[in-house]
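Listed below, chain by chain, are the residues.
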Amino acid sequence: MRTLLRIACVMLLIGLPQALAQTAPAIETLRVTRTADDGDAGSLRWAIERNNAAPGRVRIEIDPEGAGPHVIKTASLLPAVKGPVRIEGMPWKRAGTFVTLDGSGFIADKGQRTCDGAVPGQYGANVRTTTNPGLAAVDTQGVEIAGLEIRGFCIGVLIHRYSGNTVEDNRIAASRGGAGVMLTGDDGNGGSTATTTIHNKVLRNEFVDNGDGLELTRGAAFNLVAGNIFRSTDANPEPSQGIEVLLGHDNVIVNNRFEGYSDGIQVNGGNRNYIGSNVFIGNALALSMTGERNIIVGNTITGNAVGVALRPATRMGVTRVTRNIIHHNGQDVLRCWSGGSCDPQLRRGGIIFGIPAQEHAAYVGERGGGVPVDPAKFTQICPEGAPACQGAPNGGIAAPALEKVTRNGTTLAASGRAQAGGTVELFGNRNAGDAEGEIYLGETRADASGRFSMTVDAPTGSVPTGFTATATSSDGATSEFSRPVGLSD
């Protein structure tokens, strides 16, 4: 009997792949060979409509005939794409050149007034909108978009209440109303929907001169953003955020580059987001943070006005800032469209508590075109407006007091005082007197009395001439940098 059962199982396993092959639908390749947007065979509109009639059975290859550059100037909004399907520009795959999807055929460039918000009368990059995307996937999954330049729409790619999708190896430019790529769980009334916009990937794209490069909003969670370049140049009328995270949680943002924004990354009420190994340069605020248990780790943050801006908020959270390279900030970068700051008196530096945002009366800058402003609703930052004011973020944790750093051959010994039981990170700076953290040297824990001491290896090459430290409490709240000290004899 056992022998018969084994034979039956083997036969079943042999026959299973054949049965699956017989039941799986054959994938048809639809080739877009024409740039005209007329809906006829060979056009992109035709291919999307064919796919939507039987999603899961089609692959769309965009490969116009003739010599490039190839530009598909859409005459009207394309249909939202139903997944699963892959849409890929073949010239990029062969030679690294893009087919361009251009929205100027039906969207006139009016600067900040180009694109309307969801609320009548509002416009610009800092208003809620899902209008006029280049490509959209709504309430679906499994859409992959690759190898395209998407230019001149209100939103380059809209991912609206859909999961398991990939946007990779594209160039997305000059999106005027929302973002280059928008991942949102918006319920249609500005509220969030949970578990609808998850496990998407945005990989190796170039974002240039969009209002916001990328948005993760209203419930967008567990998404991966990796290997992208976010750049805003002088041609951008609204250099707001590289990435805005608004009520988006548990996202991973790693190995990206952010240049020239009001905020490289702005987190508003987003929780548990992991921001690691990114580069920030030339932004007013490299990172601008509210929310609960966000982690900023292993980033290079240099040449900004403020490296990490921790903002007061109605619901205070904690942000952990650990093992980053933070130096040469405090620059005179004044960008303030929907974020950042244009306050010439703003306190600048590596990690700064109490930076005002648009909802604060102390904010100096544009709050975004088309955004209604009611000064009566502005909030106050303590001590102004006490007792109806918002206190320091991260619980106002005090910076450690770094008392002494000495050198003994190839090691450095540091000692001082910090919050009892907290983690102390030691940093070196090549220039004496610098008050940031150019070189991460090591960490230790303060004892029950608040004393700490540590011995670390001196970095290879020249030993730093100045030193700073940060303290992180047991609940993950990180302080500003300590006052710098030099090497003691």
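The structure we're discussing is the one just above.
Residues numbered from 1 in each chain as written. Predicted model: local features only at pLDDT ≥ 70, side-chain atom pairs only at ≥ 80, totals over all residues. Heavy atoms only, no water.

**Here's the deal with the nonpolar core**
As a rule of thumb, soluble globular proteins bury nonpolar side chains together. Threshold: Here, nonpolar core refers to any group of buried Ala, Val, Leu, Ile, Met, Phe, Trp, Tyr and Cys residues whose side-chain atoms link them within 4.5 Å. The classification of residues rests on relative accessible area computed with a 1.4 Å probe and restricted to protein chains. Under 20% of the type maximum is buried, over 50% is exposed, and intermediate values are partly exposed. Each helix is a run of H or I in the DSSP string that is no shorter than four residues. Each strand is a run of E no shorter than two, and both are numbered from the N terminus. Contacts: residue pairs with any heavy atoms within 4.5 Å of one another.
Ile60, Val181, Ile243 and Leu287 are the most contacted members of the largest nonpolar core, which has 81 residues in total. In terms of residues, this core owes the most to one element, helix H2 (residues 44-53), which gives four residues. Those residues within four positions of isoleucine 243 in sequence are excluded, and the remaining contacts are Leu214, Leu216, Val225, Phe230, Ile253, Phe258, Gly264, Ile265 and Gln266. By size, the runner-up hydrophobic cluster in this structure holds six residues, among which are Leu285, Val306, Leu346 and Ile352.

**Here we look at the layout of surface pockets**
Defined as follows: A cavity here means a set of points on a 1 Å grid, drawn over the protein atoms and nothing else, where a 1.4 Å probe fits but cannot get out; a pocket is an open set with protein on both sides within 12 Å along at least five of seven lines, and a residue lines either one if it has an atom within 4 Å of a point. Grid points are joined across faces, edges and corners, and a volume is the space filled by probe spheres set on the points. Under the grouping applied here, Gly and all other residues not named as nonpolar or charged are polar, the nonpolar ones being Ala, Val, Leu, Ile, Met, Phe, Trp, Tyr, Cys and Pro and the charged ones Asp, Glu, Lys and Arg.
Taken as a whole, the largest pocket encloses approximately 1,200 Å³ of empty space. If you go around the largest pocket, you meet 41 residues; those closest to its centre are Glu244, Leu246, Asn268, Gln358 and Glu359. At the level of elements, strand S12 (179-184), strand S15 (212-217), strand S18 (241-246) and strand S21 (263-268) are the ones that each hand at least two residues to the lining of the largest pocket. When the residues that make up the lining of the largest pocket are grouped by side-chain class, the tally is eleven nonpolar, 18 polar and twelve charged. There is about 270 Å³ of room inside the second largest pocket. Around the second largest pocket, the lining is made up of 22 residues, and of these Gly354, Ile355, Pro356, Ala362 and Ile381 lie nearest the centre. Among the residues forming the lining of the second largest pocket, the class breakdown is twelve nonpolar, seven polar and three charged.

**Describing the state of the cysteines**
Put plainly, a disulfide is one covalent bond tying together the sulfur atoms of two cysteines. Which entries qualify depends on this criterion: In what follows, a disulfide is any cysteine sulfur pair within 2.5 Å.
Under the criterion given, the structure shown has three disulfides. Through a disulfide, cysteine 115 is tied to cysteine 154; the S-S separation comes to 2.0 Å. A torsion of -90° about the S-S bond marks the disulfide between cysteine 115 and cysteine 154 as left-handed. Of this pair, cysteine 115 sits in the loop between strand S5 (99-102) and strand S6 (133-138) while cysteine 154 sits in the loop between strand S8 (148-151) and strand S9 (155-160), and the two are 39 residues apart along the sequence. The residues cysteine 115 and cysteine 154 share a single accessibility class, namely buried. Along the protein, the cysteines engaged in disulfide bonds are linked according to the scheme 1-2, 3-4, 5-6 when indexed in sequence order.

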